[in-house]
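This is what each chain is made of:
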Amino acid sequence: MTMNILFYILAAVMIVATLLAITEKHPVHAIVYLVTSFFAMAGIFYLLCAPLVAMFEVIIYAGAVMVLFMFVIMMLDLGHPEEAQRPAFITWLVPLILTSLVLSSVVSAAVFRTFPGGSNVEITARAFATVLFGRYGVAIEIISMQLLFAVVGALYLGRKGGGK
Amino acid sequence: MTPDLILIAVTAAKIAIVLFAILTLAAYLVFAERRVLGWIQDRKGPNRVGPFGLLQPLADLIKLLTKEDFRPPAGDKWLFYLAPAMAAIPAIMTFAIIPFGAPVTLFGTEIAMQVIDLNVGLLLFMALSSIAVYGVALGGWASNSKYALLGSIRGLAQLISYELSMGLSLVPIIMLARSLKLSEIVNAQSGCWFIVYQPLAFLIFLISILAECKRIPFDLPEAEGELVAGFHTEYSGMRFGLFFVGEYINIIVLGGLATTFFLGGWHGPVLPPVVWFTMKTLSFAFFFIWLRGTAPRLRYDQLMQLGWKVLTPLALVNILVTAWWLVLKG
Amino acid sequence: MTIFTDIKAILLGLWTTWKHMLRRPVTIQYPEEKRQPSPRYRARIVLTRDPDGGERCVACYLCSAACPVDCISMQSGERENGRRFAVWFRINFSRCIFCGLCAEACPTLAIQMTPDYEICKRDIMDLLYEKEDLLIDGCGKDESYNFYQHAGIGVAQRRGEGAEEKAPVDVRGLVP
Ligand code: SF4
Ligand code: SF4
């Protein structure tokens, strides 16, 4: 019961914050809304017995990615973003189509399929790690190789007199 | 009463006690810092208000509360108002996961001396400390002042960099304790403190938390010689006070965490556990103050080099060595 | 290895501050403990008298002219015997910077500085010291100095009675 109430509150916060993040003109405000939405999402993950995912959501998305975005925005002179024009309707068209596709599939899935009820067993760090590094070990290796490439590339671009 | 209600009541009581203790401690840490810095500089420090100046924090509070609450008109109003809270609240919240004493049995139920014992306690600490960056960043940005902006950009870069080495230095601890739960980390140290196995990790963690609380020698975000007061230049009155107290709460919390991770938490002979925990935590606070009276400020490039080129690689090597050691030990 | 020298430097600094922590503070707790400044300390200004009890000041305006912040003002007058004096003499201590130039300029050593540094008033107008407030009953630092013994011939004493003054030559006499 309490869980349900908490879930609806968090879900409402998340949807409202995400909408505001999309419609807000000022990038810094948008980031603050987005971080709020991430927090609500982390709360929902926690309710779903996945505390590890909840924490990673906050550490990685709210704590690292958004901070880097903010860093870049603060370094740039944006002028007056509040006075910017909203995009014309035609530019909304493609996102609208995509959104409606996603929404309709979600709704149809919710209507036509039954899901096994969420288990109340908490996913521990150990279980998570066993699956991640056991079953999906190869995927992890590939992703880490990719990250290594990215690091090497960044080093190459960032070295003194580099990037030419 | 149902067990649920009892649980809620006990937790609420614990929260109240911890909040009260931590706020009082933070206020007196400010006072202690001024006294100790005074001694270091052959002065006496504040000793006028009350016996030995013990009422000084109260006088400071009254002063801060009665000052004008100024807001730069060109700044961002709501973010400016919000930022001090964003800086202080994560620090206070982190204390919820720290076990500050051995569990006691009261009326037949065991009560953990810890507000909440999360399964992912250590990760919660990482999450909250990564959130604390927003207070610094938004506060400086919303002030619409070049000093504040420079301070907050420095703060951002510094906090992100040192969070990395802080997190990596904790991985060996997780490997040794085989848990992310703070109570289990403490229990794993009942025989031997982790500082014995992991002196290097302790050193890295210590330097990183110094940078995380923006203390000398890592006080570049508020370097008063160059940036007036850094990210809180434009703040006054109680909003400044919140930033200020937040910094000291951060010192206590990070000292408590260092105690939990490396110095065996509340374990200790003879004295009651809570006393041991407090003593260890306060010794960290004392060390921070002592270092403030000693060290000069780093240059910005030195700060970045120390973080990225020394501490992070060292922490990685440390993880590797610990892993090999654990594997060979079987 | 620079890292060892760095670590040594930090430890040395910590050791130094530790020693200072245990040292006795040098603080003087002011209102309770007071420091006795040296006699040459430059604080509250006084006007002194010569050993005979007469006012030393001859109202020559030299101090007023020397004062960089123009805080001395006076009005000169002359007594029947030809001795000059200040009718009124005023120092505005709210402007005075205690530089001591007035004391140096004074030819009669009348204006002098004392070690009394506690001149605070709630009302700034109280810092306006008049001649009555400034004039003291002693000679100050140079007890034996008497200006009119050296200068002002024939003003305060008859001719030939000054300290370094020879008796006037008797132009009518034959003795050299
Ligand atoms: S105090 Fe000295 S300098 Fe000033 S007017 Fe008198 S004699 Fe002249
Ligand atoms: S001490 Fe200096 S400032 Fe003061 S009255 Fe004398 S000359 Fe003027």
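(A) How the structure looks around the overall build of chain A. Scanning chain A for helices and strands turns up 6 helices and 0 strands. When burial is assessed residue by residue, chain A has 21% of its 164 residues classed as buried. Considering only residue pairs separated by 6 or more positions, chain A has 59% of its internal contacts joining residues 24 or more positions apart. Surface summary for chain A: the accessible area is close to 11900 Å², and the carbon and sulfur share equals 75%.

(B) Examining the interface of chain B and chain C more closely. The partner chain C presents 13 residues to the 14 residues of chain B that form the contact. Summed over both partners, the interface of chain B with chain C comes to about 1300 Å²; 61% of that surface belongs to carbon and sulfur atoms. For the pair chain B and chain C, the interface holds 2 salt bridges. Between D42(B) and R23(C) there is a salt bridge whose closest N-O contact spans 3.8 Å. Where chain B touches chain C, the interface holds 9 residue pairs in polar contact (both at pLDDT 80 or more). Here the side of chain B that touches chain C takes 4 residues from helix α12 (residues 273–292) of chain B, the largest share from any one element. Grouping the constituent residues of the side of chain B that touches chain C by class yields 7 nonpolar, 3 polar and 4 charged.

(C) How the structure looks around the site of ligand 1. Near ligand 1, the surroundings consist of C57(C), V58(C), A59(C), C60(C), Y61(C), L62(C), C63(C), M74(C), C106(C), P107(C), T108(C) and I111(C). Of the residues belonging to the shell around ligand 1, the class tally is 11 nonpolar, 1 polar and no charged.

(D) Broad picture of the interface of chain A and chain B. With 26 residues of chain A at the interface, the matching set in chain B holds 25 residues. For the pair chain A and chain B, the two sides together bury roughly 2100 Å², of which 81% comes from carbon and sulfur. Seen at the junction of chain A and chain B, the total is 0 salt bridges. At the boundary of chain A and chain B, one finds 2 residue pairs in polar contact (both at pLDDT 80 or more).

(E) Here's a closer look at the arrangement of the chains. Looking across the 2 pairs of chains in contact, one finds the most contacts between chains A and B. Note that chain A does not reach chain C: the shortest distance linking a C-alpha of one to a C-alpha of the other is 25 Å.

(F) Quick look at the site of ligand 2. For ligand 2, the set of nearby residues contains 13 residues, the closest of which are C67(C), C96(C), C99(C), G100(C) and C102(C). By residue class, the composition of the shell around ligand 2 is 12 nonpolar, 1 polar and no charged.

(G) Seen up close, the nonpolar core. Counting residues in each nonpolar core, the largest one holds 111 residues, and the members touching the most others are F95(B), F125(B), Y134(B), L170(B), F205(B) and F261(B). The dominant element in this core, judged by the number of residues it contributes, is helix α3 (residues 51–75) of chain A, at 12 residues. Residues contacting Y134(B), with those up to four places away along its chain left out, are I31(A), V35(A), A62(A), M66(A), V67(A), M70(A), M86(B) and G139(B). Counting residues in hydrophobic clusters, the runner-up holds 24 residues, among them C67(C), I72(C), F89(C) and M113(C).

(H) Expanded view of the packing of aromatic side chains. All names here are of chain B. In the structure shown here, the tally under the stated rule is 28 aromatic pairs over all chains. Taken together, a centroid distance of 6.0 Å and an interplanar angle of 85° make the contact between W78 and Y81 edge-to-face. Here Y81 and W78 lie together in helix α3 (residues 77–94), a separation of 3 residues that amounts to about one turn. Between F231 and F243, the aromatic rings sit 5.2 Å apart at their centres with planes inclined by 75°, giving edge-to-face as the arrangement.

(I) Main features of the side chain of S64(C). Residues and elements named next belong to chain C. Examined against the element boundaries, S64 turns out to sit in helix α2 (residues 62–66). By relative accessible area, S64 is classed as buried at 19%. Reaching out from S64, the side chain makes a polar contact with the backbone oxygen of I72 at a distance of 3.2 Å. Those residues in contact with S64 that sit more than four places away from it in its chain are D70, I72 and M74.

(J) Structural context of α12(B). Along its 20 residues, α12(B) runs 29 Å from first to last C-alpha, staying within 8% of the 28 Å computed at 1.5 Å per residue. Of the residues making up α12(B), those classed as buried are W276(B), F277(B), K280(B), T281(B), F284(B), A285(B), F288(B), I289(B), W290(B) and L291(B). Considering only its buried residues, α12(B) is in contact with α1 (3–40), α9 (199–212) and α11 (237–262) of chain B together with α1 (2–22) of chain C.

Calculation criteria
- Residues numbered from 1 in each chain as written.
- Chains lettered and ligands numbered in written order.
- Predicted model: local features only at pLDDT ≥ 70, side-chain atom pairs only at ≥ 80, totals over all residues.
- Heavy atoms only, no water.
- Helix = DSSP H or I, 4+ residues; strand = E, 2+ residues; numbered from the N terminus.
- Buried < 20%, exposed > 50% of the residue type's maximum accessible area, 1.4 Å probe, protein only.
- Contact = heavy atoms within 4.5 Å.
- Areas by Shrake-Rupley, 256 points an atom, 1.4 Å probe, with all protein chains shown as cover.
- Buried area = accessible area lost by both parts, 1.4 Å probe.
- Salt bridge = Lys/Arg side-chain N within 4 Å of Asp/Glu carboxyl O.
- Polar contact = N/O pair within 3.5 Å; in protein donor to acceptor, adjacent residues only side chain to side chain.
- Nonpolar A, V, L, I, M, F, W, Y, C, P; charged D, E, K, R; others polar.
- Near = heavy atom within 4 Å.
- Core = buried A, V, L, I, M, F, W, Y, C linked by side-chain atoms within 4.5 Å.
- Phe/Tyr/Trp six-rings, centres within 6.5 Å; stacked < 30°, edge-to-face > 60°.
- Expected span 1.5 Å × (residues − 1).

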